[in-house]
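What the coordinates show
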Amino acid sequence: IVVNAAKSEGKVSPTMWGVFFEDINMGADGGIYAEMVKNRSFEFLKPLMGWSVQGKKIGEGDLLILNRQGANLANPRFLRAAIKGAAKGEAGMSNEGFKGGMGVKKGLKYDFSLMYRQQSPGITLHVELVDGQNKVLAAGSLKPADASGEWKSQELSFIADATAAKARMNIWFEGSGVLDMDMISLFPTDTWKGRKKGMRADMIQMLADMKPGFIRFPGGCIVEGIDLANRYQWKKTIGPIEERQLIVNRWNVEFEHRPSPDYFQTFGLGFFEYFQLAEDIGAEALPILNCGMACQFNTAEVVPLDQLDPYIQDALDLIEFANGDASTEWGKVRAGMGHAEPFNMKYLGVGNENWGPQYIERAKAFQQAIKAKYPAINLIFSSGTGPDNDEFRYLDKELRSMKADIIDEHYYRSPEWFLKNAARYDNYDRQGAKIFAGEYAAHIKGNAIGSNRNIWQAALAEAAFMTGLERNAAVVNMASYAPLFANTEGWQWAPDLIWVDNMNIYGTPNYYVQKLFSTNKGTQVSTALLDGKALSGQDGLYVSAVLDELKKEVIVKLVNTNETERTKQVNFEGIKKLAASGKLTTVKGDLTDQNSIEKPSNIVPAESMLKLKGKNAVIKMPANSFVMLKVSYK
Ligand code: AHR
């Protein structure tokens, strides 16, 4: 195999290899958003979802959910406790946490907080975290300090002296009085960057470790919504969290493996936090907005064209929110949330998996308005659920003729499809729209469910396909596996890149494939040819090569899908001086191997050194393996 570093097949976009985040499979609420209380503001469909009432001194009417309606449209309900002479343990509430309870860690500090209004002072709150046997793991007491009758916030912190994977939180009311409560919240303090009420650090670290070129958010189908009222509206996800209006999650309603009908988007994690996250992990922010169409797999509700303006205005305002200075209306809102500097957003997606002429009409209206005001923003349009059906061909043609900057292609297909399609982009027009492989994953058919779908066979097929994406970096500028996260206790969709439970996290074989590509993406594509041809499946081999001109490294990625070990010699050309040895990274396994909570490192990359013979490297590729060689040059 001849790798010629002097022959560039194009630049690798800095945005290559990103992540696609969606609140599916408990990705946000119960996932990266570290809130431990389910239904903290009593706004779920049934106000006491997640809560139970306990104690012998609670009678009919002592605990009521009241609705202040017009006084707070975003968060109308609150809890009123009218307690008459209760001792600790006689009158209380208990919250079960998200799927499977709350994960509590020994030695870790927890922050409890609530909003309250004392109608009649006299109640002290005893908060405790208990395990399945009711053993107290952590506890503290809070006496509401304000007696003005206005809504106030108060906090309480305590340290857990034992660990439990499935704990719950009890609140006992002691004394006599009438107390209104809302936003009853519990966060661990080991959040990402130690931010108060922030994100789960182990999950974000896995993303940061990938050094992603971009983060696409907030979805997926949740952008579109079950119907238009249920669409994702970014303006309702910013500002004080008690004023963010939750909605039922579109993933609450379908799929065989859905956990229970209590999956909501509370928006404690909103657009400000997503932009901040992108900045934290060095990724370009890539928001996707609703284009005036609800999910076509649901109601397919569409806003009339003559009423599309508010949707377009949302897009214009978002750009101002991200990039405007504090003298602009929306830039001021961002600055007020603590980020005076602009986020410098460069990409914006219009619609997700929408299709038909109704999509094209709306896409054009967005394009016209946004380009007129912000010509530098790169607009991404979707080519539906394709690929390669009539609908996809129609959308692709239309989007190209309207000169879309970037087209977002999605494919959830079999491993065989991925292997057969490694050359998919070889003949794509280099001068036209760039490609965003926005959602892809190899899906194993049959009985495999849950994490069992993340077997090595799927990851290997993706690796083979990704050599084709890399080879075609001149046209493919962005790519992201989907979905990103799943909770082993409650998921709707599999396979997924990273699995978690309350206490643990592991990367799938697919994660390690993504990470190897992403952290070794280089800056220029080099040719890698056998008998003058790129390797995209001949003899079960897939090869791509890049040069990293900043780190001065040449990197070759090889995938062997044969059942037998193969040996190939790689000759490096177009490089003056190569190091005497390189770093070889190998990922291999049986096709059915997978990682799990119990065995998180069953399939992980292994590193070794490989001595070169002058400018040649002899590379052994085990059966069904992904091998990467990285050599420094001068
Ligand atoms: O990734 C899961 C879903 O797949 C996304 O929400 C949607 O865009 C696609 O259909």
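Predicted model only: the values in this text are computed from it and were never measured.

**Focus: the overall build of the chain**
In terms of regular secondary structure, the chain is built from 10 helices and 33 strands. For a compact globule of 634 residues, the expected C-alpha radius of gyration is about 26 Å, and the chain comes in at 27 Å, within 12% of that figure. In terms of overall dimensions, the chain has C-alpha extents of about 90 × 55 × 45 Å along its principal axes. Split into buried and exposed, the 634 residues of the chain put 50% on the buried side.

**A few points about the sheet that holds strand E2 (residues 19–20)**
Strands sit in the order E2-E13-E16-E17-E18-E19-E20-E21 across an open sheet of 8 strands; the sheet is parallel. Looking at which strands have only one partner, the edges of the open sheet turn out to be E2 and strand E21 (476–481). Of the pairings in the sheet, the one linking E2 to strand E13 (residues 214–217) comprises 2 bridges and is parallel in character. Directly across from Phe-20, in E13, lies its bridge partner Arg-216. Relative to the sheet, helix H3 (residues 271–280) contacts E13 and strand E16 (284–289), its axis offset from that of E16 by approximately 150°.

**Concerning the environment of Met-478**
Secondary-structure assignment places Met-478 in strand E21. In this structure, the C-alpha to C-alpha distance between Met-478 and Ala-437, residues 41 residues apart in sequence, is 6.1 Å. Setting aside residues no more than four positions away along its own chain, Met-478 makes contact with Ser-13, Thr-15, Met-16, Gly-18, Gly-213, Phe-214 and Phe-436.

**Overview of the site of the ligand**
Close to the ligand lie Glu-22, Ile-24, Gly-219, Gly-220, Cys-221, Asn-352, Glu-353, Glu-439, Ala-482, Pro-483 and Trp-493. Per-class residue counts for the shell around the ligand are 5 nonpolar, 3 polar and 3 charged.

**A word on the packing of helix H9 (residues 456–471) against helix H10 (residues 509–518)**
The axes of two packed helices give the description: the angle between them and the distance between them. Direction vectors running N to C along H9 and H10 enclose 20°, while the axes themselves pass 8 Å from each other. When the interaxial angle is binned, H9 and H10 end up roughly parallel. In terms of crossing hand, the pair formed by H9 and H10 is right-handed. Contacts between H9 and H10 pair Trp-456, Ala-458, Ala-459, Glu-462, Ala-463, Met-466 and Glu-470 from the former with Pro-509, Asn-510, Val-513 and Phe-517 from the latter. Looking at the contact of H9 with H10, its residues break down into 8 nonpolar, 1 polar and 2 charged.

**Here's the deal with the nonpolar core**
By size, the foremost hydrophobic cluster in this structure holds 186 residues, and its most contacted members are Ile-215, Val-350, Ala-464, Val-554 and Val-556. Element by element, the count of residues in this core is highest for strand E12 (residues 164–188), at 12 residues. Taken together, domain 1 (19–34 + 192–411 + 421–444 + 462–489) and domain 2 (51–188) each give at least three residues to this core, which thus spans both. Dropping the residues within four chain positions of it, Val-350 is found in contact with Leu-289, Cys-291, Ala-363, Phe-366, Leu-379, Ile-380 and Phe-381.

**What about unusual backbone geometry?**
Here the bond from Ala-482 into Pro-483 is cis, since omega is -15°, no more than 30 degrees from zero. Assignment of secondary structure puts Pro-483 in the loop between E21 and strand E22 (485–487). With an omega dihedral of 10°, the bond running from Ala-494 to Pro-495 counts as a cis peptide bond. Positionally, Pro-495 belongs in the loop between E22 and strand E23 (498–500). Phi is positive for Lys-193, which is not a glycine, with a value near 60°. Along the chain, the position of Lys-193 falls in the loop between E12 and helix H1 (201–209). Residue classification places Lys-193 among the exposed residues on the basis of 11 C-beta atoms within 10 Å. In this structure, Asn-344 is a non-glycine residue whose phi angle is positive, near 60°.

**Considering H9**
Across its 16 residues, H9 extends 22 Å between first and last C-alpha, which sits within 8% of the 22 Å expected from 1.5 Å per residue. Among the 16 residues of H9, 16 are classified as buried, and the element is accordingly described as predominantly covered.

**Notes on the domain arrangement of the chain**
For an interface, size is often stated in terms of accessible area lost upon the parts coming together. Annotation of the chain at the domain level lists domain 1 (19–34 + 192–411 + 421–444 + 462–489) and domain 2 (51–188). Each of domain 1 and domain 2 was reduced to a C-alpha centroid, and the two centroids are 36 Å apart. With 13 residues of domain 1 at the contact, the number on the domain 2 side is 10 residues. Residue composition of the side of domain 1 that touches domain 2, by class: 3 nonpolar, 3 polar and 7 charged.

**Things to note about the environment of Ser-94**
In this structure, Ser-94 sits in strand E6 (residues 92–95). Looking at Ser-94, the number of C-beta atoms within 10 Å reads 17, which means it is partly exposed. Separated by 72 residues in sequence, Ser-94 and Glu-22 place their C-alpha atoms 29 Å apart. In this view, Ser-94 contacts Trp-51, Ser-52, Gln-54, Arg-168, Met-169 and Asn-170; residues no more than four positions away in its chain are not counted.

**So, the environment of Phe-271**
Examined against the element boundaries, Phe-271 turns out to sit in helix H3. For the pair Phe-271 and Leu-516, spaced 245 residues apart in sequence, the C-alpha to C-alpha distance is 29 Å. With near-sequence residues (within four places) excluded, Phe-271 lies in contact with Trp-234, Thr-237, Ile-238 and Pro-287.

Rules used throughout
- Residues numbered from 1 in each chain as written.
- Predicted model: local features only at pLDDT ≥ 70, side-chain atom pairs only at ≥ 80, totals over all residues.
- Helix = DSSP H or I, 4+ residues; strand = E, 2+ residues; numbered from the N terminus.
- Rg over C-alpha atoms; globule rule 2.2 N^0.38 Å.
- Buried ≥ 20, exposed ≤ 12 C-beta atoms within 10 Å, placed from the backbone.
- Pairing = 2+ DSSP bridges.
- Contact = placed C-beta atoms within 7 Å.
- Axes fitted to C-alpha atoms, helices over the stretch in contact; angles between N-to-C directions.
- Near = placed C-beta within 6 Å.
- Nonpolar A, V, L, I, M, F, W, Y, C, P; charged D, E, K, R; others polar.
- Parallel < 35°, antiparallel > 145°, perpendicular 65-115°, else oblique.
- Left-handed = near helix turned anticlockwise from the far one by under 90°.
- Core = buried A, V, L, I, M, F, W, Y, C linked by C-beta atoms within 7 Å.
- Domains from an automatic or database assignment.
- Expected span 1.5 Å × (residues − 1).

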